[in-house]
Amino acid sequence: MRRIAVDMDEVLADFTQQVLDVLNKKTNQRYTRAHLNEYSIEELYPNELDYLVEQIHTDHFFRTMQVIEGSQVVLERLSKHYEIVIATAAMEVPNSFAAKFDWLREHFPFLDPNLFIFCGNKKVVQADYLIDDNIQQLTRFEGRGVMYTAMQNIELAYDVRVDNWHEVEMYFMEELSVKA
């Protein structure tokens, strides 16, 4: 069975929305993703960046992120044909491990928790594929990278890109038939 490694933040968990929710609550603003098409987080919340960093280092931040639409259904379907590994770069925020683990167990109970990898550099991940939004992680990975479109990579060129979980499913089901 071929193995797919899946990133967590911005692929399974909506990190950007969590940032907006935390900062909107603090500042009583109502900024949305649409605002991020014109302004950066730094421009929208110039006085709250230290607060954001503090919040990212709390258990609550990673534990309460929203699930990216379609990810649960598609991963459960793909898990019938592929071994699914979660590979999240958690070294920058080591106290996020427990929150991320609990979040994954709650929202993806069909996945094997023994296949959750908390790492820094994903070149250590042993998989055939990596779905990730981070170009640096994709270029370090030794298997086939699949870029998941996110705000920070929209302008970057990459040979295999998916914009949503429907496209993820289509790509991997086609890969399955090609490899058969």
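What counts, and at which threshold
Residues numbered from 1 in each chain as written. Predicted model: local features only at pLDDT ≥ 70, side-chain atom pairs only at ≥ 80, totals over all residues. Heavy atoms only, no water. Core = buried A, V, L, I, M, F, W, Y, C linked by side-chain atoms within 4.5 Å. Buried < 20%, exposed > 50% of the residue type's maximum accessible area, 1.4 Å probe, protein only. Contact = heavy atoms within 4.5 Å. Helix = DSSP H or I, 4+ residues; strand = E, 2+ residues; numbered from the N terminus. Pairing = 2+ DSSP bridges. Right-handed = clockwise from strand over helix to strand, strands pointing away. Salt bridge = Lys/Arg side-chain N within 4 Å of Asp/Glu carboxyl O.

A. Local environment of the nonpolar core. Of all hydrophobic cores here, the largest spans 43 residues; its most connected members are Val6, Ile131, Trp165 and Phe172. Ignoring anything within four residues of it in the chain, the contact list for tryptophan 165 reads Val6, Val11, Leu12, Ile68, Glu69, Gly70, Ser71, Val74, Leu75, Ile131 and Tyr148. Counting residues in hydrophobic clusters, the runner-up holds 10 residues, among them Val85, Ala87, Cys119 and Val125.

B. The pairing of strand β5 (residues 144–148), seen in detail. Of all five residues in β5, four are buried, a share of seventy percent or more. Sheet topology note: the strand β4 (residues 129–132)/β5 ladder contains four bridges and is parallel. Note that in β5 the partner of isoleucine 131 across the bridge is valine 146. Crossover connection from β4 via helix α7 (residues 135–140) to parallel β5: handedness right-handed. Relative to strand β6 (residues 161–162), β5 runs parallel, the two sharing two bridges. The residue bridging tyrosine 148 from the neighbouring strand is valine 162, located in β6.

C. Quick look at the pattern of salt bridges. Scanning all chains against the criterion turns up 10 salt bridges. We note a salt bridge from glutamate 83 to arginine 3, for which the minimum N-O separation is 2.7 Å. Taken together, the residues glutamate 83 in strand β2 (residues 83–89) and arginine 3 in strand β1 (residues 3–6) connect sequence positions 80 residues apart. A relative accessible area of 26% means that arginine 3 is categorised as partly exposed. For lysine 100, the salt bridge is made with aspartate 9, and the minimal N-O distance between the two is 3.0 Å. Remark: aspartate 9 occurs in the loop between β1 and α1 (15–27) and lysine 100 occurs in helix α6 (residues 97–107); sequence separation between them is 91 residues. You can call lysine 100 buried: its relative accessible area is 1%.

D. Local environment of unusual backbone geometry. The phi torsion at glutamate 10 lies on the positive side, around 75°, for a residue other than glycine. Among the structural elements, glutamate 10 can be located in the loop between β1 and α1. Taking the relative accessible area as the measure of exposure, glutamate 10 reaches 9% and is therefore buried. In this model, asparagine 28 sits at a positive phi of 60°, which is unusual for a non-glycine residue. The residue asparagine 28 is located in the loop between α1 and α2 (41–44) in this model. Among the residues examined, asparagine 28 registers a relative accessible area of 69% and is labelled exposed.

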